[in-house]
Amino acid sequence: MSAPAVILLSGGLDSASALAIAKALGLTPYAMSFRYGQRHVAEIQAAEAVAAQLGVARHIVVDIDLRAFGGSALTADIPVPVDRQADEGIPITYVPARNTIFLSYALAWAEVLDARDIVIGVNAVDYSGYPDCRPEYVAAFQAMANLATKAAIDGNRVTIHTPLIWLTKSQIIRRGLDLGVDFGLTRSCYQLTEDGLSCGRCDACSIRLRGFAELGIADPAPYLAS
């Protein structure tokens, strides 16, 4: 049996591609998603659909409530920016410490599963500038993780894989397509409607649509009519 790995699966384009890459590398994926108080639940439905389409050993959805802190347009009553320029700084859609929280949960499950691999679809090229998507952040978390668990002290050190970190969005899409990802199941929008329609104007939509356009193909996910 191949080695188990915990895959952080949001239901978006990047995490779906990261899951497909993990499977192609021969890892047995255990997918972890979060219902964290985000403004839309359609992304959880997307994660469930992606997990079913690509196949995982198990998919769990963890309930936490980051609305208790707020501070983000995704967890508080703050408008999501649209038609934003890339050089306008870190946007209000940044959720404080989100990847640190998510990776901590993934680390805990990895230790229970006796898994030495965690996969996260962060990207440092076509992204909104979030500080917890940078390679130096991931390296620092991995160093901390290998000081923090009984498994690591016993010699079973964990590796955090970031297979998309230096890819453009179009390269991620091409890789996902080559591995059989159905991007029509994925949702990336920051303000999805209840029935899963994307806005087409937030950062996530803009970056995603540009990636498909660079490949000369249409995004199969549904969008609100312009």
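The structure we're discussing is the one just above.
A brief structural summary. (Residues numbered from 1 in each chain as written. Predicted model: local features only at pLDDT ≥ 70, side-chain atom pairs only at ≥ 80, totals over all residues. Heavy atoms only, no water.)

1. Focus on unusual backbone geometry
Phi is positive for Asp 83, close to 55 degrees, though the residue is something other than glycine. Residue position: Asp 83 is located in the loop between β3 (58-63) and α3 (98-113). Judged by its relative accessible area of 47%, Asp 83 falls in the partly exposed class. Backbone geometry places Ala 97, a non-glycine residue, at a positive phi of 65 degrees. (Helix = DSSP H or I, 4+ residues; strand = E, 2+ residues; numbered from the N terminus. Buried < 20%, exposed > 50% of the residue type's maximum accessible area, 1.4 Å probe, protein only.)

2. Points about the state of the cysteines
Scanning all chains against the criterion turns up zero disulfides. As a non-bridged cysteine, Cys 199 has Cys 189 as the owner of its nearest cysteine sulfur, 3.6 Å distant. Among the residues examined, Cys 199 registers a relative accessible area of 15% and is labelled buried. For Cys 205, which is in no disulfide, the shortest distance to another cysteine sulfur is to Cys 189 and amounts to 3.6 Å. (Disulfide = S-S within 2.5 Å.)

3. Digging into the nonpolar core
Ranked by internal contacts, the top residues of the largest apolar core, which has 42 residues, are Leu 8, Met 32, Phe 34, Tyr 36, Leu 103, Ile 118 and Cys 202. Residue assignment for this core shows that the elements contributing at least two residues are β1 (4-8), β2 (28-35), β3, α3, α4 (135-148) and α7 (203-215). No other element matches the six residues that α3 contributes to this core. With residues near it in sequence (within four places) discarded, Met 32 still touches Val 6, Ile 7, Leu 8, Leu 9, His 59, Ile 60, Val 62, Tyr 105, Ala 106 and Trp 109. Within the second largest apolar cluster, 23 residues are counted, among which are Ala 5, Leu 13, Leu 54 and Leu 164. (Core = buried A, V, L, I, M, F, W, Y, C linked by side-chain atoms within 4.5 Å. Contact = heavy atoms within 4.5 Å.)

4. Notes on α7
Counted at 1.5 Å a residue, the expected span for α7 with its 13 residues is 18 Å, and the 19 Å between its end C-alpha atoms agrees. Of the residues making up α7, those classed as buried are Asp 203, Ala 204, Cys 205, Ile 207, Arg 208, Gly 211 and Phe 212. On the buried face of α7, the contacting elements are α1 (13-24) and α6 (169-178). (Expected span 1.5 Å × (residues − 1).)

5. Things to note about the environment of Ala 5
By the secondary structure assignment, Ala 5 is in strand β1. In this structure the C-alpha to C-alpha distance between Ala 5 and Leu 185, which are 180 residues apart in sequence, comes to 22 Å. Setting aside anything within four residues of it in sequence, one finds Ala 5 in contact with Leu 27, Thr 28, Pro 29, Tyr 30, Ala 115 and Asp 117.

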